[in-house]
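Observations on the three-dimensional arrangement
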Amino acid sequence: MSTATDGAYADAMGADVYRPGTTAIRALGWISVAMAFAYVLNNFLCFWLGWPGVFALLSDPMPTGTGLVLALVQTGLFVLSILVSIVAATRTRSRTLRVDAMAMSAVANYIVRFAFWSVLLIGLVDAVISFLRVEAMIDQIFGPELGTELGRSRFRGPYVHAPMLLIALVIAARTRSLGFHWLALLVVLAELGIVLTRFVFSYEQAFQGDLVRFWYGALFLFASAYTLFEDGHVRVDVLYAGFSDRTKGLINAVGAVLLGLLLCWTIMILGMWNQSSIINSPLLAYEVSQSGFGMYVKYWMAGFLAIFAVTMCVQFTSCALESIANYREEPGAREITPSSAA
């Protein structure tokens, strides 16, 4: 978060504001966030670990033994998300809506930082491996057996990409910058590299274009949540600019819930409902492009949609809480300059 954001957080922490309904609103907000994470975790348990799922309890015949226990655990995951959110909101009654909104934004920002470092590391490492394969140097460096395995997406995914995710988790926890400007610069440099190698050295390979698309897709999908936090998305101002801050808060709160959260849950449900869904299917199959010696990252680009949906769900919930606080004219409001278009 920026210095201005830190100042807004301090103002919110210092604001001694408690009004009727605050605890209930905060509880609903955290339920929204917790349910999103529970849904993604449940998706992983179902389709990667082979657990039966919540709806197995409604099937005929109902699972027995270990299957029944696993189904109950998955059901309990959602119930626990609701209960923990309610208990946490109740036990911290002194917290304001703005404090919780800032906390949710911090969660979204951490996920985005993790995603940024992940695509940076995976992109660079995978591009190097693809280059070595194109130039027939991979067997000389890693040996014939490992060189062959590195040409399989089901090997490269868990044994090359997955360690990069762990490194990204650590880096994201130790840094504060979201890195969007650096990712934008990397996209430009990758595209410039294609131009130089094509027209100067008459050299171009599929992995070069794959790297540009990989980083370009990440840039726009990952930056959306932070852009929403800064109110930087283009807003078509016809009537909105003339409204009072209180009316703007009401409109933003309603829009965040009815339009924003609905969009995010639509993406998550349609994308992760079963094995053949548009997000699950490429990830489960380690899907790659059919461009010869291109990069093996196409399946990660399907995962970008999941990151987008989750981070936007968290950020829309944060936006809803902050907008409700604006509607109720609570102190500690952030000073932001929204983008607009006539």
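A short tour of the structure in this document, coming up. (Residues numbered from 1 in each chain as written. Predicted model: local features only at pLDDT ≥ 70, side-chain atom pairs only at ≥ 80, totals over all residues. Heavy atoms only, no water.)

1. Overview of the nonpolar core
Residues Val119, Phe214, Trp215, Phe222, Met268, Met312 and Phe316 are the most contacted members of the largest nonpolar core, which totals 52 residues. For this core, the elements supplying multiple residues, two or more each, are helix H2 (22–47), helix H4 (97–134), helix H8 (180–199), helix H9 (206–229), helix H10 (245–272) and helix H12 (298–327). Among the elements that make up this core, the one with the highest residue count is H12 (12 residues). Excluding residues that lie within four positions of it along the chain, phenylalanine 222 makes contacts with Val112, Ala115, Phe116, Val119, Phe180, Phe304 and Ile307. (Core = buried A, V, L, I, M, F, W, Y, C linked by side-chain atoms within 4.5 Å. Buried < 20%, exposed > 50% of the residue type's maximum accessible area, 1.4 Å probe, protein only. Helix = DSSP H or I, 4+ residues; strand = E, 2+ residues; numbered from the N terminus. Contact = heavy atoms within 4.5 Å.)

2. Side note on the environment of threonine 227
Position of threonine 227 relative to the elements: it lies in helix H9. Among the residues examined, threonine 227 registers a relative accessible area of 25% and is labelled partly exposed. As for threonine 227 and methionine 312, which are separated by 85 residues in sequence, their C-alpha atoms are 10.0 Å apart. In contact with threonine 227, other than residues within four places in its own chain, are Gly232 and His233. Side-chain polar atoms of threonine 227 contact the backbone oxygen of alanine 223, separated by 2.7 Å. (Polar contact = N/O pair within 3.5 Å; in protein donor to acceptor, adjacent residues only side chain to side chain.)

3. A look at the side chain of asparagine 43
Mapped onto the secondary structure, asparagine 43 falls in helix H2. Overall, asparagine 43 belongs to the buried group, its relative accessible area being 5%. Sequence-distant contacts of asparagine 43, defined by excluding residues within four places in its chain, comprise Trp48, Met272 and Asn280.

4. Some details on the environment of valine 87
Residue placement: valine 87 occurs in helix H3 (residues 66–91). Distance in space between the C-alpha atoms of valine 87 and valine 314 is 19 Å, their sequence separation being 227 residues.

5. Here we look at the packing of aromatic side chains
Per the counting criterion, the structure on display carries 12 aromatic pairs. Their ring planes at 70° and their centres at 5.6 Å tell us that tyrosine 39 and tryptophan 265 sit as a pair that is edge-to-face. With tyrosine 39 in helix H2 and tryptophan 265 in helix H10, the pair connects residues that are 226 residues apart, well separated along the chain. Classification of tyrosine 39 by relative accessible area gives buried; the value is 11%. Three or more aromatic residues joined by ring pairs form one cluster here, namely Phe214, Phe222 and Phe304. Lying across the ring of tyrosine 296, arginine 156 places its NZ or CZ 3.9 Å from the centre. Here arginine 334 stacks its cationic end above the ring of phenylalanine 229, 4.1 Å away from the centre of that ring. (Phe/Tyr/Trp six-rings, centres within 6.5 Å; stacked < 30°, edge-to-face > 60°. Lys NZ or Arg CZ within 6 Å of the ring centre and 35° of its normal.)

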